[in-house]
There are 2 protein chains.
Amino acid sequence: MEYKAVKGTRDFLPLQMQKRNYIFNTITSVYKSHGFLQIETPAMENLSTLMGKYGDEGDKLLFKILDSGIFLRQEKFSAFEDEITNNHINKAASMICEKGLRYDLTVPFARFVVNHQNDIVFPFKRYQIQPVWRADKPQKGRYREFYQCDADIIGSDSLMNETELIEIIAEVFSKLKLNVTIKLNNRKILAAIASVIGHEDKITEITVAIDKLDKIGLEGVEQELLNNGFTAQDVEKLRPILLINGTNEEKIKTLSDFIASNEQGKKGIEELEFVLNKCKAINIGNIEFDITLARGLNYYTGAIVEVKANDVAMGSITGGGRYDNLTGIFGLKDVSGVGISFGADRIYDCLEELQLFPDEIMTATDVLFINFGEKENEKCLLLAKQLRTAGLSCEVYPDSAKMQKQMKYANNRNIPFVCLLGENEISNGTIVIKNMLTGNQQTVNQTELTEYFK
Amino acid sequence: MEYKAVKGTRDFLPLQMQKRNYIFNTITSVYKSHGFLQIETPAMENLSTLMGKYGDEGDKLLFKILDSGIFLRQEKFSAFEDEITNNHINKAASMICEKGLRYDLTVPFARFVVNHQNDIVFPFKRYQIQPVWRADKPQKGRYREFYQCDADIIGSDSLMNETELIEIIAEVFSKLKLNVTIKLNNRKILAAIASVIGHEDKITEITVAIDKLDKIGLEGVEQELLNNGFTAQDVEKLRPILLINGTNEEKIKTLSDFIASNEQGKKGIEELEFVLNKCKAINIGNIEFDITLARGLNYYTGAIVEVKANDVAMGSITGGGRYDNLTGIFGLKDVSGVGISFGADRIYDCLEELQLFPDEIMTATDVLFINFGEKENEKCLLLAKQLRTAGLSCEVYPDSAKMQKQMKYANNRNIPFVCLLGENEISNGTIVIKNMLTGNQQTVNQTELTEYFK
């Protein structure tokens, strides 16, 4: 029998953890520098909290936890069988499962806000970095367990919040040295475009078609629209949007002419311009108005944000937007907000591909003390303690194994410095430091060891 | 309908997170300073990996995850119902559940070592801080989801590893400013005591009885032993152990006389003395040989460690020991090691009760910029950015709300400094800094703001 990690889930080895922590620590440090507060919620939620929040497909993808103890009583056997026989799998499941694993961080956050509304100071700026679980078919780049890194600002309608989250995005990727384009759109603009050509219900079809412009050209897009129930007149009317181009300002000019007096559209442009202007004021240059951006149309009501890496082919690596009603599903009205979520796994892949992980995060241990025997070793323990107090990471090899074995350990672990303290060094109070990269050796007084590494 | 966190699980509010992170960060920093490497394993494991590793009781306490899709086929209905009817709940569960949530970090670590044995450098010093889940009845201080903070050194028999883990324990609690006693025992000594009085199979009964000495006195303990099948002669023989007392050295002297020529006992004392001597050499004073310590007798084979807080009534807050065979259950022989686990929840309660959480961890945001309107605000955004670069955490209030409301936000959030930049300050390039603790206000040049906070 072979024991393995569950399909679609991953063990993280030390080096992977060091790289992942680099990403999480960078995101966390930026969140914290903006005064965001961390919260955590439990891995499992009551299914009543989760079900119906992610559509039928989402309900199926929830991992459900079998009730403890006698999970199905005899008198329910036949009802249970009926549900399964009739292919009501979710209903059958809910007879034996009360709890499920969280599917995202948003629904648990909404429940959290409702439960703790009296302990929260509004506007509430929270961040949350925890794994989520989805019973998806595992495939390359899609996992059943993955981390989300969310930040939201709730209880304030100010567009300064959109601006701050974009500033955070810009800062995170600048710290990670990853060139990105921040794409910005507004749900109200999409709604207005659909409304202007008389198809308010077809926002998605329109944006999906526009998005294919690069691939299939103007003619192809127009053909697709015709196939999707738009008239030649609709397509004609939409042409300025299909041909929209240029700088943010130029695009907004085209759009304004198109939208004309549509109230919702004017509001959308106003919001868009406000955020773009503020971003300019704080020197965020890599932001682009992208009319094809249409993520989260089910819940976003204002700004829509998405981030793409410039130098590597990869889907969206961060996304977010403004929503009007976070907690309504749990009975608390009028909590609007704006949020973003960093896609840690994709960011990891980008940094890996572009070799952007800094060398210094690969080193876990700075100094290894070779073990020459009991007496020498005791001295090493004390010196290691000193170095640790000075902020270095040190190991003392636990066995007085052969020198070769101990040096091999240092090599395999990528430890940059090895300290040697044998009988001679004990008697004259010195220690030999070997630089494992250059091979150079230097002898210093034991009292000067800490100074040496400063 | 009321939506709440699942019973026995917890939401963590920002202030709780700050305190919890203080504990986790302290433990992590010490682990890292000793060159321990972090790993993570998935929340869910195959039930075949988990079942049978924690005894019958443990199997019942595993949270099992319902298989996705059609989890029970019609042709299996009757077999399934038979299992339930015959009260074979675990068997029935295993027909519809392939996976479960991890119950501890040790079994997943063992699987990890077997799976990745070729990617690991031995001796392998790993740490792992992740939640675990147990379907226990929730009660005060017992949760269904809680974090474990484990460190293990595997692939080395050296007693220096025991010493290093005790050093780590001492460092962590010294950093947390929590007075503790580190209790040390050795499984071999317990076995020898049982052997000397001719009851090798009754280690547990003996230690449990000795442990009650403080509560029920010598006579009570001896009576309990008689009730548990020991003869008057056994009890007579055991008396020196029941009366064991004094310093570590004195206790060891008494024990040596008692154990005499028992080989296993001599080995146990040798191990114990080695570790105690090394601890003395590195100035660890708060360590005590405790013959009643008998945790983990099912798997520990050498040293047994436990930590008690001195100034607060609380069970063991950290524990660990030496084991001979970590990975045998997964087919890899001869991997021995030694490990410890910090009990984060209990440590939290100790620090809370003794008010040992430092004030500085309670502050999340250092500076709030009051929002006087659009123009002033833009200047604040740039100044906030400057301060962030200098390492401060800053917020700019998102709305130009009433001053009172903004000041109240600063108060409720415990923000120590508020910066005010109105029309006047814009025109003369200054900014007013209000210290929220003292109420003092000071006007400085905008160019000197960063300097002010240094």
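Since this is a predicted model, take the numbers as computed values, not measurements.

A tally of regular secondary structure across chain A gives 18 helices and 16 strands. Computed over its C-alpha atoms, the radius of gyration of chain A comes to 29 Å, more than 25% above the 22 Å expected for a compact globule of 454 residues. If you line up chain A on its principal axes, its C-alpha atoms span 95 × 70 × 45 Å. For chain A, buried positions account for 58% of its 454 residues. With the model as given, the accessible surface of chain A reaches about 19900 Å², and the carbon-plus-sulfur share is 45%.

Attention now goes to the interface of chain B and chain A. Chain B puts 101 residues into the contact, and the matching count from chain A is 101 residues. Summed over both sides, the interface of chain B with chain A buries roughly 8800 Å², with 61% coming from carbon and sulfur. Of all residues in chain B, Tyr3, Asp11 and Glu40 of chain B give up the largest surface area on contact with chain A, accounting jointly for 8% of the area buried on that side. Remark: the boundary between chain B and chain A carries twelve salt bridges. For Arg111 of chain A, the salt bridge is made with Asp11 of chain B, and the minimal N-O distance between the two is 2.8 Å. Between the two partners, chain B and chain A, sit 40 residue pairs in polar contact (both at pLDDT 80 or more). When residues of the side of chain B that touches chain A are assigned to their parent elements, the largest contribution, seven residues, is made by helix 15 (residues 374-389) of chain B. Considering only residue class, the side of chain B that touches chain A consists of 50 nonpolar, 26 polar and 25 charged.

This part takes up the nonpolar core. Ranked by internal contacts, the top residues of the largest apolar core, which has 265 residues, are Phe71, Phe342 and Phe369 of chain A together with Phe71, Phe342 and Phe369 of chain B. Filtering out sequence-adjacent residues up to four positions away, Phe369 of chain B remains in contact with Cys380, Leu383, Ala384, Leu387, Cys394, Glu395, Val396, Tyr397, Cys419, Ile431 and Leu449 of chain B. Core analysis: the next-biggest nonpolar cluster, separate from the first, contains 16 residues, Val6, Met44, Ile65 and Trp133 of chain A among them.

For the rest of this paragraph, the subject is the domain arrangement of chain A. How large an interface is tends to be reported as the accessible area lost when its parts come together. Its domain assignment divides chain A into domain 1 (14-39 + 123-353) and domain 2 (364-453). Put simply, the middle of domain 1 of chain A and the middle of domain 2 of chain A, counted by C-alpha atoms, are 52 Å apart.

The next thing to look at is the sheet that holds strand 15 (residues 430-435) of chain A. Strand pairing in a sheet relies on backbone hydrogen bonds. The paired strands run either parallel or antiparallel. Residue and element names in this part refer to chain A. Strand order across the open sheet formed by five strands is 13-12-14-15-16, with mixed pairing between neighbours. Edge positions in the sheet fall to strand 13 (394-396) and strand 16 (441-445), since each of these pairs with one other strand and no more. Put simply, the sheet's adjacent strands are angled 25° from each other on average, direction ignored. Of the pairings in the sheet, the one linking strand 12 (residues 367-369) to strand 14 (residues 417-420) comprises three bridges and is parallel in character. Its bridge partner lying in strand 14, Leu368 is registered against Val418.

Residue and element names in this part refer to chain A. Here eight strands make up an open sheet; going across it, the order is 1-5-6-11-10-9-7-8 and the pairing mixed. Both edges of this open sheet fall to strand 1 (37-38) and strand 8 (287-289), since each of them pairs with a single strand only. Taken together, the two bridges between strand 1 and strand 5 (residues 124-133) define a ladder with parallel strand orientation. Across the sheet, the residue bridging to Gln38 is Tyr127, located in strand 5. Running over the sheet, helix 14 (residues 344-353) touches strand 6 (145-154), strand 9 (300-309), strand 10 (318-323) and strand 11 (337-342) and is turned about 110° from strand 6.

All right, on to the packing of aromatic side chains then. For the structure on display, the rule yields 31 aromatic pairs over all chains. Seen from their ring centres, Tyr31 of chain A and Phe342 of chain A are 6.0 Å apart, and the 55° between their planes marks the pair as tilted. Taken together, the residues Tyr31 of chain A in helix 1 (residues 14-33) and Phe342 of chain A in strand 11 connect sequence positions 311 residues apart. You'll find Tyr31 of chain A and Phe342 of chain A in the same group, each marked buried. Three or more aromatic residues joined by ring pairs form one cluster here, namely Tyr31, Phe36, Tyr127, Phe173 and Phe342 of chain A. One residue, Arg126 of chain B, lies across the ring of Phe109 of chain B, its end atom 3.8 Å from the ring centre. For Lys202 of chain B, the ring lying beneath its charged end belongs to Phe230 of chain B, and the centroid distance is 5.1 Å.

The next thing to look at is the pattern of salt bridges. The final tally for this structure, using the stated rule, is 50 salt bridges over all chains. A salt bridge links Glu236 of chain A to Arg239 of chain A; the shortest N-O distance between them is 3.6 Å. Taken as a pair, Glu236 of chain A and Arg239 of chain A lie in helix 11 (residues 232-242) at a separation of three residues, close to a single helical turn. Given a relative accessible area of 48%, Glu236 of chain A falls into the partly exposed group. Taking the relative accessible area as the measure of exposure, Arg239 of chain A reaches 27% and is therefore partly exposed. Ionic pairing is found between Asp345 of chain B and Arg20 of chain B, a salt bridge with its closest N-O pair at 3.4 Å.

What follows covers the packing of helix 8 (residues 187-196) of chain A against helix 13 (residues 263-281) of chain A. All names here are of chain A. Two numbers describe how helix 8 lies on helix 13: the axes approach to 7 Å, and their chain directions differ by 150°. One finds that helix 8 runs roughly antiparallel with respect to helix 13. In terms of crossing hand, the pair formed by helix 8 and helix 13 is left-handed. Here helix 8 contributes Lys188, Ile189, Ala191 and Ala192 to the contact with helix 13, which in turn contributes Gln264, Gly265, Lys267, Gly268, Ile269, Glu271 and Leu272. Grouping the amino acids of the contact of helix 8 with helix 13 by side-chain chemistry returns five nonpolar, three polar and three charged.

The subject of this paragraph is the side chain of Glu306 of chain A. In this fold, Glu306 of chain A is placed in strand 9. In this structure Glu306 of chain A touches Thr181, Ile182, Lys183, Leu293, Arg295, Ser316, Thr318 and Gly319 of chain A, once residues within four positions along its chain are discounted.

Quick look at the packing of helix 10 (residues 213-227) of chain A against helix 11 of chain A now. Residues and elements named next belong to chain A. Contact pair helix 10 / helix 11: the axes reach a minimum separation of 8 Å and the direction vectors enclose 155°. Taken together, the axes of helix 10 and helix 11 are roughly antiparallel relative to one another. Our pair here, helix 10 against helix 11, has a crossing hand that is right-handed. Across the interface between the two elements, Leu213, Leu218, Val221, Glu222, Leu225 and Leu226 of helix 10 pack against Ala232, Val235, Leu238, Arg239 and Leu242 of helix 11.

Further remarks concern the environment of Thr207 of chain A. Residue and element names in this part refer to chain A. Mapped onto the secondary structure, Thr207 falls in helix 9 (residues 203-211). Here the alpha-carbon distance between Thr207 and Ile291, two residues 84 residues apart in the chain, equals 7.7 Å. In contact with Thr207, other than residues within four places in its own chain, are Leu190, Ile291, Thr292 and Ala294. A polar contact is formed between the side chain of Thr207 and the backbone oxygen of Thr204, at a distance of 3.0 Å.

Residue and element names in this part refer to chain A. Most of strand 10 sits inside the fold, with six of its six residues counted as buried. The two faces of strand 10 match: Thr318, Gly320 and Arg322 on one face and Gly319, Gly321 and Tyr323 on the other face are all buried. Both strand 10 and strand 11 contribute to a ladder of six bridges, which runs antiparallel. Within strand 11, the residue paired with Arg322 across the bridge is Val338.

Moving on, we get to the side chain of Arg102 of chain A. Position of Arg102 of chain A among the secondary structure elements: in the loop between strand 4 (97-101) and helix 6 (106-115). Here Arg102 of chain A sits buried without a salt bridge, and the closest side chain of opposite charge, Glu145 of chain B, lies 5.6 Å off (N-O distance). Among the polar contacts listed, one links the side chain of Arg102 of chain A to the backbone oxygen of Pro131 of chain A, at a separation of 2.7 Å. In this structure Arg102 of chain A touches Thr41, Pro42, Ala43, Leu50, Pro108, Gln130, Pro131, Val132 and Trp133 of chain A, once residues within four positions along its chain are discounted.

About the criteria used
Residues numbered from 1 in each chain as written. Chains lettered and ligands numbered in written order. Predicted model: local features only at pLDDT ≥ 70, side-chain atom pairs only at ≥ 80, totals over all residues. Heavy atoms only, no water. Helix = DSSP H or I, 4+ residues; strand = E, 2+ residues; numbered from the N terminus. Rg over C-alpha atoms; globule rule 2.2 N^0.38 Å. Buried < 20%, exposed > 50% of the residue type's maximum accessible area, 1.4 Å probe, protein only. Areas by Shrake-Rupley, 256 points an atom, 1.4 Å probe, with all protein chains shown as cover. Contact = heavy atoms within 4.5 Å. Buried area = accessible area lost by both parts, 1.4 Å probe. Salt bridge = Lys/Arg side-chain N within 4 Å of Asp/Glu carboxyl O. Polar contact = N/O pair within 3.5 Å; in protein donor to acceptor, adjacent residues only side chain to side chain. Nonpolar A, V, L, I, M, F, W, Y, C, P; charged D, E, K, R; others polar. Core = buried A, V, L, I, M, F, W, Y, C linked by side-chain atoms within 4.5 Å. Domains from an automatic or database assignment. Pairing = 2+ DSSP bridges. Axes fitted to C-alpha atoms, helices over the stretch in contact; angles between N-to-C directions. Phe/Tyr/Trp six-rings, centres within 6.5 Å; stacked < 30°, edge-to-face > 60°. Lys NZ or Arg CZ within 6 Å of the ring centre and 35° of its normal. Parallel < 35°, antiparallel > 145°, perpendicular 65-115°, else oblique. Left-handed = near helix turned anticlockwise from the far one by under 90°. Lys, Arg positive; Asp, Glu negative; His and termini not counted.

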